[in-house]
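Residue-level structural notes
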Amino acid sequence: MYRALTRDIEVTVEPYYLADQSDPDDSRYVWGYRVVIANHSDVVVRLMTRYWHITDQNGQVDEVNGPGVIGEQPVLRPGDTYEYSSGCPLETPSGIMFGRYRMEAENGEAFDVAIPAFSLDTPGQPRVLN
């Protein structure tokens, strides 16, 4: 598990390799990841946008921006958690991801919450990142 805490908003990520969706002979490696966002603050927040920075083992970077996550812009009241799963394909057997969520508090203040960096490693392969 990978964890980051920003302004009492905790983001944990658990990546896992999807062997059944991967085809190493065709340079296709796929990972899923489970994200849990926990609001430990005393304010209501809404997840407005996401940003991902994905780097494969060759140093190729892909950036992903968009509204919400998995088609939702969840509202988290104090003490709430929100969980979702998504995925990431790469053309190499390893990589790394990190990012941020843009949150908006109920008073209209917008702020970024860090998504911790986490590695994408194919089981049985050595880790190689540039």
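By the naming in an unreviewed UniProt entry, the chain goes by Protein ApaG and is assigned to Shinella lacus.

The next point concerns the environment of Ala-117. As for its placement among the helices and strands, Ala-117 is situated in strand S9 (residues 110-121). For Ala-117, a relative accessible area of 41% gives the class partly exposed. The contacts of Ala-117, once residues within four sequence positions are left out, are Tyr-2, Ile-96, Met-97 and Phe-98.

The phi dihedral of Arg-7 falls on the positive side, at around 50°, and the residue is not glycine. Relative to the helices and strands, Arg-7 is located in the loop between strand S1 (2-6) and strand S2 (9-17). A relative accessible area of 45% places Arg-7 in the partly exposed class. For Ser-27, which is not a glycine, the phi torsion comes out positive at approximately 55°. Structurally, the position occupied by Ser-27 is in the loop between S2 and strand S3 (29-39).

What counts, and where the lines are drawn
- Residues numbered from 1 in each chain as written.
- Predicted model: local features only at pLDDT ≥ 70, side-chain atom pairs only at ≥ 80, totals over all residues.
- Heavy atoms only, no water.
- Helix = DSSP H or I, 4+ residues; strand = E, 2+ residues; numbered from the N terminus.
- Buried < 20%, exposed > 50% of the residue type's maximum accessible area, 1.4 Å probe, protein only.
- Contact = heavy atoms within 4.5 Å.

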